[in-house]
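# Inside the fold
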Amino acid sequence: MWSRRGFLGATAGSALLLTGCGRSESGRPRLRVSITGKGEGDTRLLFKAAGIKPEGFDLQYSEFQSGHLVVEALNGGSLDYGGMSEIPPIFAAASTIQSFRQIAVAHGDVNNQVVLVPKGSKARSIADLKGKRVGYVRATTTQYFLIRMLEQAGLSWDDITPVAMGVSDGAAAFSQGALDAWAIYGFPIQRAVATEGARVLRTAYGILSGNYLVAAHVDALADPDKAKLIGDYLGLVQKAFGWAVAHQEEWAGIIAQDIGVPRAYVVDQFQRKSASFELRPVTDAAIASQQQVADLFFKQGLLPKPVDVRPLWDTRFNSVIPKRG
């Protein structure tokens, strides 16, 4: 089970702590940004493919395996800007430390969040996972959609043997046959399907909102110069998302090379997308979506107290988020 103590302490040594937060070696202003995963989730890769470079400032990237590590880094002051799902901030909201605000929504695909079963598995539905060992990444979308899928199948969390693991450890365990199923997101899906014969048991379509959150450190937001950089960066991200939509064939090949799978597998994933990524402003609907998730986690006993997510949101960038294109 995920607890507040576990959330605050488990990742203390995992985030990449960066010294200095003002300027890069070039003397230009610097924005410290998170990267979570590889392939489609790697903004560096997308910017390079699209030929997008910031003007007048530099980007310093830190790599993370999951969103709860990004939240830990934001709370620790080692990031200015980070991305994660709706879930990790909820655990922070249940604690005493929330050194960030959610400033935009990156709305995108939910069909690339799935429950995988290994080659030869006899499971044909989520109900078939009763009594089985199921891996997931705690405090992420995988924990949320796994809970919801079990409920829809008439099962509870106690009906499976849940195994909380980081992405790399989960990939190794799944590959070695130590898991009967794996709730996971992103490039590990294509890799497991392509190299191990894994099969998608169910996607998160119909469960996840498709809202992936953009957050910024409160100190960066309080600094007018740094806040301007954040606004400029949001514009670049939206431009990059537009390039990806217009160049899907080229983008699929770049992703395939980055994650080490045949291009056909990424093309297939693109064809199955529920949506392409775009930035959206903060809305009442986005806030309500995250609140619904928070209420479920409290109901499941995974939060120590009810959480009101509204104080986590900041609407100041709503007017500067351009339409995708």
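Read on for a plain summary of the structure. For clarity, every value in this text was computed on a predicted model and none was experimentally measured.

## Regarding unusual backbone geometry
For alanine 139, which is not a glycine, the phi torsion comes out positive at approximately 60°. Considering the arrangement of structural elements, one finds alanine 139 in the loop between strand E6 (133-136) and helix H5 (141-152). The exposure class of alanine 139 is buried, given its relative accessible area of 0%.

## Here we look at empty space enclosed by the protein
Under the criterion given, the structure shown has one cavity of 30 Å³ or more. Of the pockets and cavities examined, the largest cavity occupies roughly 30 Å³. Residue lining of the largest cavity: Glu86, Ile87, Thr141, Leu208, Ser209, Gly210, Asn211 and Tyr212, and that is the complete set. Looking at the lining of the largest cavity, its residues break down into three nonpolar, four polar and one charged.

## Some points on helix H3 (residues 67-75)
With nine of nine residues buried, H3 is to be regarded as a mostly interior element. Within H3, the full set of buried residues consists of Gly67, His68, Leu69, Val70, Val71, Glu72, Ala73, Leu74 and Asn75.

## Re the packing of H5 against helix H12 (residues 284-299)
Orientation of H5 relative to H12, taken along the N-to-C sense of each, is 70°, at an axis distance of 11 Å. Relative to H12, H5 is oriented roughly perpendicular. Relative to H12, H5 is oriented so that their crossing is left-handed. The residues of H12 that touch H5, namely those facing Gln143, Tyr144, Ile147, Arg148 and Glu151, are Val293, Leu296 and Phe297. Its residues placed into classes, the contact of H5 with H12 shows five nonpolar, one polar and two charged.

## Focus on the environment of glycine 108
Positionally, glycine 108 belongs in the loop between strand E4 (100-107) and strand E5 (113-117). Between the C-alpha atoms of glycine 108 and aspartate 223, which are 115 residues apart in sequence, the distance is 30 Å. Discounting residues that sit within four places of it in the chain, glycine 108 has contacts with Gly210, Tyr212, Ser274, Ala275, Ser276 and Phe277.

## Comments concerning the sheet that holds E6
Strand order in this open sheet of five strands is E7-E6-E8-E5-E9, and the pairing throughout is mixed. Whereas interior strands pair on both sides, the edge strands pair on one side only; in this sheet they are strand E7 (161-164) and strand E9 (199-203). Within the sheet, the average angular offset between the axes of one strand and its neighbour, ignoring direction, is 25°. Sheet strands touched by H5: E5, E6, strand E8 (181-185) and E9. Its angle to E8, the strand with the most contacts, is close to 130°. In the packing of helix H6 (residues 167-175) onto the sheet, contacts are made with E5 and E8, and the angle to E8 comes to roughly 145°.

## Describing the environment of isoleucine 87
Tracing the sequence through the fold places isoleucine 87 in the loop between strand E3 (81-85) and helix H4 (88-93). Residues isoleucine 87 and valine 266 lie 179 residues apart in sequence; the distance between their C-alpha atoms is 26 Å. Excluding residues that lie within four positions of it along the chain, isoleucine 87 makes contacts with Ala139, Thr140, Thr141, Tyr144, Val293 and Phe297.

## Brief notes about the layout of surface pockets
Its boundaries defined by the atoms lining it, the second largest pocket holds a volume of some 240 Å³. Along the walls of the second largest pocket sit 13 residues, with Ile189, Gln190, Val200, Asp268 and Arg272 positioned nearest its centre. Only helix H7 (187-196), E9 and helix H11 (263-271) provide two or more residues apiece to the lining of the second largest pocket. Residue classes in the lining of the second largest pocket are distributed as five nonpolar, five polar and three charged.

## Concerning the pairing of strand E1 (residues 30-36)
Among the seven residues that make up E1, six are buried, leaving the element largely enclosed by the rest of the structure. Taken together, the seven bridges between E1 and strand E2 (residues 58-64) define a ladder with parallel strand orientation. Across the sheet, isoleucine 35 pairs through a bridge with glutamate 63, a residue of E2.

## Section: the packing of aromatic side chains
One pass over the full model with this rule turns up nine aromatic pairs. Members of the aromatic cluster, connected to one another through ring pairs, are Phe47, Tyr81 and Tyr233. Here the basic side chain of lysine 273 rests over the ring of phenylalanine 270, its NZ or CZ set 4.0 Å away from the ring centre.

## Observations regarding the environment of phenylalanine 47
Tracing the chain through its elements places phenylalanine 47 in helix H2 (residues 43-50). With relative accessibility at 4%, the residue phenylalanine 47 sits in the buried group. Ignoring anything within four residues of it in the chain, the contact list for phenylalanine 47 reads Ile52, Leu59, Tyr61, Tyr233, Leu236, Val237 and Ala240.

## Overview of H5
Look at H5: 16 Å from first C-alpha to last across twelve residues, which is about the 16 Å you get at 1.5 Å a residue. Most of H5 sits inside the fold, with ten of its twelve residues counted as buried. Among all positions in H5, only Thr141, Thr142, Gln143, Tyr144, Phe145, Leu146, Ile147, Arg148, Met149 and Leu150 are buried. Downstream of H5 by a residue or two, glycine 154 has a phi angle that is positive, lying close to 80°.

The rules we used
- Residues numbered from 1 in each chain as written.
- Predicted model: local features only at pLDDT ≥ 70, side-chain atom pairs only at ≥ 80, totals over all residues.
- Heavy atoms only, no water.
- Helix = DSSP H or I, 4+ residues; strand = E, 2+ residues; numbered from the N terminus.
- Buried < 20%, exposed > 50% of the residue type's maximum accessible area, 1.4 Å probe, protein only.
- 1 Å grid on protein atoms, 1.4 Å probe; cavity = no way out; pocket = protein on both sides within 12 Å on 5 of 7 lines; lining within 4 Å.
- Points joined across faces, edges and corners; volume = space filled by probe spheres on them.
- Nonpolar A, V, L, I, M, F, W, Y, C, P; charged D, E, K, R; others polar.
- Axes fitted to C-alpha atoms, helices over the stretch in contact; angles between N-to-C directions.
- Parallel < 35°, antiparallel > 145°, perpendicular 65-115°, else oblique.
- Left-handed = near helix turned anticlockwise from the far one by under 90°.
- Contact = heavy atoms within 4.5 Å.
- Pairing = 2+ DSSP bridges.
- Phe/Tyr/Trp six-rings, centres within 6.5 Å; stacked < 30°, edge-to-face > 60°.
- Lys NZ or Arg CZ within 6 Å of the ring centre and 35° of its normal.
- Expected span 1.5 Å × (residues − 1).

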